[in-house]
Amino acid sequence: MADDVRVHDELRLAGAPGRWQLDADKGVADVGHRARRSRRRLAGAVAGAVCVLATAVPLVRAGPDTPAPVGASPRTTVRPAPTAARPSTPVLVGPARGSLAGDAAF
């Protein structure tokens, strides 16, 4: 018991308790602050969700199309990708130099 008294005295809890209830004006102000805080939190959450959607939607649209299901049989034939057309006029290229100059495969 002596320890409890000592701790109580050291923490200065022996004094009379203060008023914890707010008067009417302070109570109304406190309710207003709490409501404003919750509205701000809601607005922040909505703004964060809009930012996430504004970033995610373009990324999803830019991604590859979804592939056909595995069990479905393809009805269209797959065409090879067109190759780049060669220029009709010859391209001027300088003479080869260096260690690969004499290599015909290069």
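One can find the structure itself at the top, above this paragraph.
About the thresholds
Residues numbered from 1 in each chain as written. Predicted model: local features only at pLDDT ≥ 70, side-chain atom pairs only at ≥ 80, totals over all residues. Heavy atoms only, no water. Helix = DSSP H or I, 4+ residues; strand = E, 2+ residues; numbered from the N terminus. Buried < 20%, exposed > 50% of the residue type's maximum accessible area, 1.4 Å probe, protein only. Areas by Shrake-Rupley, 256 points an atom, 1.4 Å probe, with all protein chains shown as cover. Salt bridge = Lys/Arg side-chain N within 4 Å of Asp/Glu carboxyl O.

## Quick word on the overall build of the chain
Right, on to step 1. Within the chain, the regular secondary structure consists of two helices and zero strands.
Right, on to step 2. Within the chain, the fraction of its 106 residues that count as buried is 0%.
Right, on to step 3. Accessible area for the chain stands at about 10,800 Å²; split by element, carbon and sulfur atoms hold 62% of it.

## Quick notes on the pattern of salt bridges
Right, on to step 1. Inspection of every chain in the model, using the stated rule, returns one salt bridge.
Right, on to step 2. Where D30 meets R34, a salt bridge forms, and the shortest distance between an N and an O atom there is 3.0 Å. Of this pair, D30 and R34 both sit in helix α2 (residues 24–62), four residues apart, which is roughly one turn of that helix.

Such coordinate-based values are descriptive only and should not be taken to indicate function.
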